[in-house]
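Next come the chains, spelled out residue by residue.
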Amino acid sequence: MLKRLDIYFREMYPLLPRLILGFIVFGEIYFIVLLNNGVTDFSISLAEFIGGFTVFSFLCWLRIADDFKDYELDCRLFSHRPLPSGRVTKKDLAIFITSLIAVTVILNFVFLNNFLFFLFLYIYGTLMSLWFFQKKKIQKSLPLALVTHNPVQMILNIYIISFTCIKYGLSAFTLTNFLAMMTLYFPALIWEISRKIRAPKDETEYVTYSKLFGYKKPVKFVLVLTLVDILTNILLVYRLSWISVAALLINVAWMTWKFVEFIGDPTKFRLVDKVEKYTYIQESIMLITVAGYIISQRMGVTLI
């Protein structure tokens, strides 16, 4: 069983990189909320690490739940993947994810201050895995699946924000918290749509936004989302570093150029590859901004 799980995670959800990503997502929102509220005296404890682990655990569960949900379709279109090919079994994944969820629940109940928000996150995730009891309607409609499933990233962000606000006694309903909630929601939404935009020659039985609406309209929609997203980032970092604002603007200018290029010639590259590169740069800028600001405050230096 362990060998089969190793095959699955190496191909579908590399554990160490995803665990690091969980800490990055948690840390980015955690520190952005604190710094924008003027908090620079941090009290890091085991709870913060459990929060990062929870992000990893929850996203792992969603990955496995998606494989269960799409099993029949994957058997037709992606038979090389570990689950459809039989290199890992549903029982293997069920045992693993049940154990992981149990550990996550216990850790959150014992060590974190926002267990009700944790329950809300996992209840929503459970309803997602069950297609909100409307499988026949949602599975056949890509836009409906997006509307019902993609908000889970926003709820995950709320889980992090709620922990931070409760621990430091911060007001929950502020513009800063709203922007922090959206700042990692938009990249997830942009990526989710972009990965389902293809050149006409690359379309298959798999339903994509480009197949439903043509490739130009979804690209323009994602472009608008990207510009709105960068605005939320700028509003969160302009008080921390104008250098970061300039870097964000250069990055979004490059991504805008790539969107225009793709509209002109959709065979030139895979759009999702450029979106992923843009997102990694964007999030790196945000993390560097946070780290740089914290270091500068400790050293008594003002960032430009």
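The structure we're discussing is the one just above.
Residues numbered from 1 in each chain as written. Predicted model: local features only at pLDDT ≥ 70, side-chain atom pairs only at ≥ 80, totals over all residues. Heavy atoms only, no water.

Undergrad: A description of the overall build of the chain should follow, citing residues and the corresponding values.
TA: In terms of regular secondary structure, the chain is built from 16 helices and zero strands. Scaling as 2.2 N^0.38, a compact globule of 304 residues should have a C-alpha radius of gyration of about 19 Å, and the chain matches this with 20 Å. Of all 304 residues assigned to the chain, the portion counted as buried reaches 48%. Excluding contacts between residues fewer than 6 apart, the proportion of contacts in the chain whose partners are at least 24 apart in sequence is 74%. Between the mean site of the 31 positive side-chain charges and the mean site of the 21 negative ones, the chain shows a separation of 4 Å. (Helix = DSSP H or I, 4+ residues; strand = E, 2+ residues; numbered from the N terminus. Rg over C-alpha atoms; globule rule 2.2 N^0.38 Å. Buried < 20%, exposed > 50% of the residue type's maximum accessible area, 1.4 Å probe, protein only. Contact = heavy atoms within 4.5 Å. Lys, Arg positive; Asp, Glu negative; His and termini not counted. Charge placed at Lys NZ, Arg CZ, Asp CG, Glu CD.)

Undergrad: Please give an account of helix H15 (residues 242-264) that cites residues and values.
TA: Over its 23 residues, H15 runs 33 Å from end to end, which matches the ideal 33 Å to within 8%, given 1.5 Å per residue. When H15 is considered as a whole, its buried residues turn out to be Ser244, Val245, Leu248, Asn251, Val252, Met255, Lys258, Phe259, Glu261, Phe262 and Ile263. Near the N-terminus of H15, the side chain that reaches the backbone nitrogen of Ile243, with its oxygen 3.3 Å away, is that of Ser241. (Expected span 1.5 Å × (residues − 1). Polar contact = N/O pair within 3.5 Å; in protein donor to acceptor, adjacent residues only side chain to side chain.)

Undergrad: Would you mind going over the environment of Leu107 in detail, with residue names and values included?
TA: Relative to the assigned elements, Leu107 resides in helix H6 (residues 90-111). The class for Leu107 is partly exposed, based on a relative accessible area of 24%. It is 25 Å that separates the C-alpha atoms of Leu107 and Ser171, two residues lying 64 residues apart in sequence. Beyond its immediate stretch of four places on either side in the chain, Leu107 contacts Ile50, Phe53 and Leu112.

Undergrad: Summarise the packing of aromatic side chains; cite the residues concerned and give the values.
TA: How two aromatic rings sit relative to each other is set out by the distance from centre to centre and by the angle between their planes. Scanning the entire structure with this criterion turns up 22 aromatic pairs. Each ring, one from Phe115 and one from Phe118, has its centre 5.5 Å from the other, and the planes form 25°; the classification is stacked. Highlighted residues: Phe115 and Phe118, both in helix H7 (residues 115-129), separated by three residues, approximately one helical turn. A centroid spacing of 5.9 Å and a plane angle of 45° characterise the contact between Phe262 and Phe269, whose relative ring orientation is tilted. (Phe/Tyr/Trp six-rings, centres within 6.5 Å; stacked < 30°, edge-to-face > 60°.)

Undergrad: Please set out the packing of helix H10 (residues 152-168) against helix H11 (residues 175-183) residue by residue, giving values where relevant.
TA: Packed helix pairs are characterised by how far apart their axes lie and by the angle those axes make with each other. For the pair H10 and H11, interaxial distance at closest approach is 8 Å and the crossing angle is 140°. On the basis of the axis angle, H10 is oblique to H11. When you trace H10 past H11, the crossing you get is right-handed. Along the contact surface, H10 presents Met154, Asn157, Ile158, Ile161 and Cys165, while H11 presents Asn177, Ala180, Met181 and Met182. Tallied by class, the residues present in the contact of H10 with H11 amount to seven nonpolar, two polar and no charged. (Axes fitted to C-alpha atoms, helices over the stretch in contact; angles between N-to-C directions. Parallel < 35°, antiparallel > 145°, perpendicular 65-115°, else oblique. Left-handed = near helix turned anticlockwise from the far one by under 90°. Nonpolar A, V, L, I, M, F, W, Y, C, P; charged D, E, K, R; others polar.)

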